[in-house]
Amino acid sequence: MTATGTGTGASPRELVIVGASLAGLRAAEALRAQGFTGNLTVVGDEPRLPYDRPPLSKQVLTATDRPASTELPLPDGLDIRWRLGQAAVALDPDTRTVTLADGARLPYDGLLIATGSAARGWPAEQPPPRGVMTLRGWDDALALRAELVPGRRLVVVGAGFLGGEIAAAARERGLDVTLVETGNQPLERAIGAVAGTFVATLHREAGIDLRTGTTVTDFHASADGRLTGVRLSDGTEAGATAAVLALGAVPATGWLAGSGIAVDGGVRCDPCLRALRPDGTAVPGVVTAGDIARAPQALADGEPLALGHWTNAVEQAATAAHTLLHPDAPRPFTGVPSFWSDLHGVKIRSVGLPGAADEARVLEYDLGARRLEVSYHRAGRLVGALTVGRVSRLAAYRQELQQQRLLPTPAA
């Protein structure tokens, strides 16, 4: 193997991945596939092997029996040293060590940061009453599922992809659901007003009480501290036996304080996914991938963005692994962002960055047939596309977007 971990000609022997996540596992697979034969350690704050998160807001919530595990399959030959149930608490790039919660210090030749993000909690200082939940991990999904009893009342705060899927799953389970959204339409910032209106109609036709242009201002609780309802900013109230905060995610960067790595809205990185200092220079031997990676997006004119998409985590993992093994010959990440969501039996699929557009062009809008096609443009050029019931049409959009996604490789 000719790859180097330090840029000095010596092959790396100790690689550490912080984050037993989808991106972390796929990076481990890529490292082995690309010829790394040294020691590979994966650190995870949960006491679980890597598992798939998208089913948590779908199949896990709607399963009639105890839901099957979403644990990701582990290929043979990975030869990983697992450090599970031990969060990383500090990083020292100068000595190339990661410190864990139990005090252990892991030396590395190369480090991949894939710690993802955490659910955003209630912003007020006073914690909400019992029954107000978030959904990020497996235990969260099981706890929420236990609340989804037919006839109960659920309030979901935030009508983004996660909030919409939770609301749809709860409605399928027979709950009365109120979905609260600050914007004029669900997902308006992500996919625009037209597609947002389409999604809003899906929710309302399913019997969900969608409240737009408002938010929760306070919670009501019983004498024993259990949630009984919410007060909204429009002055109305809604009863609730449980509530879910779907307010977005917070990058898990707290453990990087004092490391010298730029962590504004995620780990800042260059097109090759090398972690950066605040001055824009690369931190030797450190790369990042997945939700936490705030990488330049050509479709947004090079603006650095962190994307919490499944495909993004998978595709970035391979690029980060290559950069880690070949620091003197890195390749830029050229994947086209994509995402999907299932709502009320409808499959929503998208490529590119619809949220970066300044114009949306509606090519088909047939609510009765559950079909929608929208292309998104920025300064006249294509930056994204979204379909409902027309997934085959995305291939041509993806091909065009791939040509625009290429960024020049920065100097090593």
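Quick look at the structure, then. If you're wondering where the values come from, they're calculated on a predicted model, not measured in any experiment.

### Quick word on unusual backbone geometry
In step 1: Notably, D301 is not glycine yet its phi reads approximately 60 degrees, a positive angle.
In step 2: Tracing the sequence through the fold places D301 in the loop between β21 (293-297) and β22 (303-306).
In step 3: Of note in this structure, H344 is not a glycine but carries a positive phi near 55 degrees.
In step 4: For H344, the location among the structural elements is in the loop between β23 (338-343) and β24 (346-352).
In step 5: Classification of H344 by relative accessible area gives partly exposed; the value is 28%.

### Topic: the nonpolar core
Side chains that are nonpolar tend, in soluble globular proteins, to be buried together.
In step 1: L15, I17, L31, L40 and L112 are the most contacted members of the largest nonpolar core, which has 31 residues in total.
In step 2: The element that contributes the greatest number of residues to this core is helix α1 (residues 22-33), accounting for seven residues.
In step 3: Excluding its chain neighbours within four sequence positions, the residues that come into contact with I17 are G24, A27, A28, L31, L40, T41, V42, V43 and L112.
In step 4: Ranked by size, the runner-up nonpolar core spans 30 residues in total, among them V351, L367, L382 and A385.

### Some details on helix α5 (residues 188-205)
In step 1: For α5, which comprises 18 residues, the first-to-last C-alpha distance of 19 Å sits more than 12% below the rise-based estimate of 26 Å (1.5 Å per residue).
In step 2: Considering bend angle alone, the principal kink of α5 is centred on V194 and spans about 85 degrees.
In step 3: Looking only at α5, the buried set comprises I191, A195, G196, F198, V199, A200, L202 and H203.

### Here's the deal with the packing of aromatic side chains
In step 1: Applying the stated criterion across every chain, the model contains four aromatic pairs.
In step 2: Ring geometry for W310 and W340: centres 5.9 Å apart, planes at 65 degrees, overall edge-to-face. Highlighted residues: W310 in helix α6 (residues 310-325) and W340 in strand β23, separated in sequence by 30 residues.
In step 3: Its relative accessible area of 29% is what places W310 among the partly exposed residues.

### A closer look at the state of the cysteines
In step 1: Considering all chains together, one arrives at zero disulfides under this definition.
In step 2: A disulfide-free cysteine, C269 has its sulfur positioned 9.7 Å from the sulfur of C272, the nearest such atom.
In step 3: Owing to a relative accessible area of 2%, C269 belongs among the buried residues under this scheme.
In step 4: Under the relative-accessibility criterion, C272 is labelled buried at 0%.

### What to know about the sheet that holds strand β26 (residues 371-378)
In step 1: The strand order across the open sheet formed by five strands is β23-β24-β27-β26-β25, and the pairing between neighbours is antiparallel. Of all the strands in the sheet, just β23 and β25 (359-366) have a single pairing partner and so form its edges. If you compare each strand with its neighbour and ignore which way they point, the axes differ by 10 degrees on average.
In step 2: Here β24 runs beside strand β27 (residues 381-388); their pairing, made up of five bridges, is antiparallel. Across the sheet, residue G352 finds its bridge partner in β27, namely G384.

### Here we look at the side chain of T70
In step 1: Here T70 shows up in the loop between α2 (59-62) and β3 (80-84).
In step 2: For T70, a relative accessible area of 11% puts it in the buried group.
In step 3: Excluding its chain neighbours within four sequence positions, the residues that come into contact with T70 are Y51, D52, P55, L56, V60 and W138.

### Brief notes about the environment of D45
In step 1: Among the structural elements, D45 can be located in the loop between β2 (39-44) and α2.
In step 2: According to the relative accessible area criterion, D45 is exposed, its value standing at 56%.
In step 3: Along the backbone, D45 and Q86 are 41 residues apart, and their C-alpha atoms lie at a distance of 4.8 Å.
In step 4: In this structure, D45 is in contact with G85, Q86 and A87, ignoring residues within four places of it in sequence.

Parameters at a glance
Residues numbered from 1 in each chain as written. Predicted model: local features only at pLDDT ≥ 70, side-chain atom pairs only at ≥ 80, totals over all residues. Heavy atoms only, no water. Helix = DSSP H or I, 4+ residues; strand = E, 2+ residues; numbered from the N terminus. Buried < 20%, exposed > 50% of the residue type's maximum accessible area, 1.4 Å probe, protein only. Core = buried A, V, L, I, M, F, W, Y, C linked by side-chain atoms within 4.5 Å. Contact = heavy atoms within 4.5 Å. Expected span 1.5 Å × (residues − 1). Bend = angle between axes of the 7 residues up to and from the residue. Phe/Tyr/Trp six-rings, centres within 6.5 Å; stacked < 30°, edge-to-face > 60°. Disulfide = S-S within 2.5 Å. Pairing = 2+ DSSP bridges. Axes fitted to C-alpha atoms, helices over the stretch in contact; angles between N-to-C directions.

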